[in-house]
Amino acid sequence: MPPLLALDAVVKDYASEAGTFRALHGVSVEVQKGEFMAIMGPSGSGKSTLMNIIGCLDTPTTGTYRFEGTDTATLSEGALAKLRNAGIGFIFQQFNLLPRLSALANVALPMVYSGVASGERNARAQALLASVGLADKPRSRPSQLSGGQQQRVAVARSLANNPQLLLADEPTGALDTRTGVEVLGLFRALNEQKGVTVVIVTHDPEVARATNRVVRIQDGLVFYDGPPTEAALYGHAEATA
Ligand SMILES: Nc1ncnc2c1ncn2[C@@H]1O[C@H](COP(=O)(O)OP(=O)(O)OP(=O)(O)O)[C@@H](O)[C@H]1O
Ligand SMILES: [Mg+2]
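Here the structure is a predicted model, which is why all the values come from computation and not from measurement.

Visitor: I'd like a description of the sheet that holds strand β6 (residues 88–91), backed by residues and values.
Guide: Pairing in this open sheet of six strands is mixed, and the strands run β6-β7-β8-β3-β9-β10 from one edge to the other. Each edge of the sheet is formed by a strand with only one pairing partner; in this case those strands are β6 and β10 (221–226). For this sheet the average axis-to-axis angle between neighbouring strands, irrespective of direction, equals 15°. Running over the sheet, helix α5 (residues 147–158) touches β6 and β7 (165–169) and is turned about 165° from β6. On top of the sheet, helix α6 (residues 177–194) reaches β3 (36–40), β7 and β8 (197–201); it is set at about 155° to β8, its chief contact.

Visitor: Explain the sheet that holds strand β5 (residues 70–71) to me, using residue names and the numbers behind them.
Guide: Each strand in a sheet pairs with its neighbour through backbone hydrogen bonds, running either in the same direction (parallel) or in the opposite one (antiparallel). Spatial ordering of the open sheet is given by β2-β1-β4-β5, a layout of four strands whose pairing is antiparallel. Every other strand in the sheet has two partners, leaving β2 (19–31) and β5 as the edge strands with one partner each. Relative to strand β4 (residues 62–67), strand β1 (residues 5–16) runs antiparallel, the two sharing five bridges. Each bridged residue has a counterpart across the sheet, and for D8 the counterpart in β4 is T64.

Visitor: Quick rundown of the site of ligand 1? Include the residues and the values.
Guide: In the neighbourhood of ligand 1, the contacting residues comprise Y14, S16, F21, A23, G41, S43, G44, S45, G46, K47, S48 and T49. For the shell around ligand 1, the secondary structure elements donating two or more residues are β1, β2 and α1 (47–54). With three residues, α1 is the largest single contributor of residues to the shell around ligand 1. Looking at the shell around ligand 1, its residues break down into three nonpolar, eight polar and one charged.

Visitor: Residue-level account of the packing of α5 against α6, with values.
Guide: One way to put it is that α5 packs onto α6 with a least axis distance of 10 Å and a crossing angle of 15°. When the interaxial angle is binned, α5 and α6 end up roughly parallel. Handedness of the crossing formed by α5 with α6: right-handed. Each of G148, Q151, R152 and V155 in α5 lies in contact with α6, whose residues at this interface are T179, E182, V183 and L186. Counted by class, the contact of α5 with α6 contains three nonpolar, three polar and two charged residues.

Visitor: Can you lay out the pairing of β3 for me, pointing to particular residues and giving the numbers?
Guide: Where burial is concerned, most of β3 is hidden: four out of the five residues are buried. Bridge analysis of β3 against β8 gives four bridges, and the strand direction is parallel. Paired with A38 across the two strands is I200, which belongs to β8. Two elements, β3 and strand β9 (residues 213–218), share four bridges in a ladder whose sense is parallel. Within β9, the position partnered with I39 by the bridge is V215.

Definitions and limits used
Residues numbered from 1 in each chain as written. Chains lettered and ligands numbered in written order. Predicted model: local features only at pLDDT ≥ 70, side-chain atom pairs only at ≥ 80, totals over all residues. Pairing = 2+ DSSP bridges. Helix = DSSP H or I, 4+ residues; strand = E, 2+ residues; numbered from the N terminus. Axes fitted to C-alpha atoms, helices over the stretch in contact; angles between N-to-C directions. Contact = placed C-beta atoms within 7 Å. Near = placed C-beta within 6 Å. Nonpolar A, V, L, I, M, F, W, Y, C, P; charged D, E, K, R; others polar. Parallel < 35°, antiparallel > 145°, perpendicular 65-115°, else oblique. Left-handed = near helix turned anticlockwise from the far one by under 90°. Buried ≥ 20, exposed ≤ 12 C-beta atoms within 10 Å, placed from the backbone.

What follows is the structure, encoded as structure tokens:
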């Protein structure tokens, strides 16, 4: 069985008027199905760039990215869109909920795109809301929910199509410690009970401590990849950055 994700010598260049900026300098990482891991590193080190590539929202400039053994460069736009919608759940720092839709409609939206009939969609969205502790809030708009509740709606939405991979970029950054711990607990439960692979970008050593593997990047390069030891969590290089 190939790894779920395999990046090999991935380089990412951003072009701008000022010239080309190399955000990733040759990143090679493999992630096995069922892993629960953190990506850490200073601001601007390339974490979100890496997540965008892993989530098929962007493509490497050079190097290869394989998803379940398939080189993503060989996939059509349609195949990539399908992979993003059905295979991968995204959770962002700022929730990215649609403000005019209810909590229920936000959770149901990915199922609209994947063609689930409306009755089943709404039943499933309600069940997902219940699974994140929001059974009583289906009609609330995002603005009527607390930050932690909005993030839980975002978690429920990311699970709408039963993804095998969950990508979360600073999912607890906007939350207080306690709510952050709750959201992390939801990820852990999905990982343990459903085998969902979870990759979390975080600045927070306490979030990373709850994972099984830490990948640290700096200046677009991996400089640590291993268990969440104290040195890994409080990376020396980052402490002096
Ligand atoms: N679209 C873009 N065009 C040009 N440069 C970009 C673009 N996106 C990111 N960069 C640059 O690439 C580098 C990596 O950015 P990235 O967003 O991946 O960092 P990050 O590690 O996620 O940082 P943070 O912790 O602040 O979110 C930064 O120097 C950034 O300025
Ligand atoms: Mg970022």
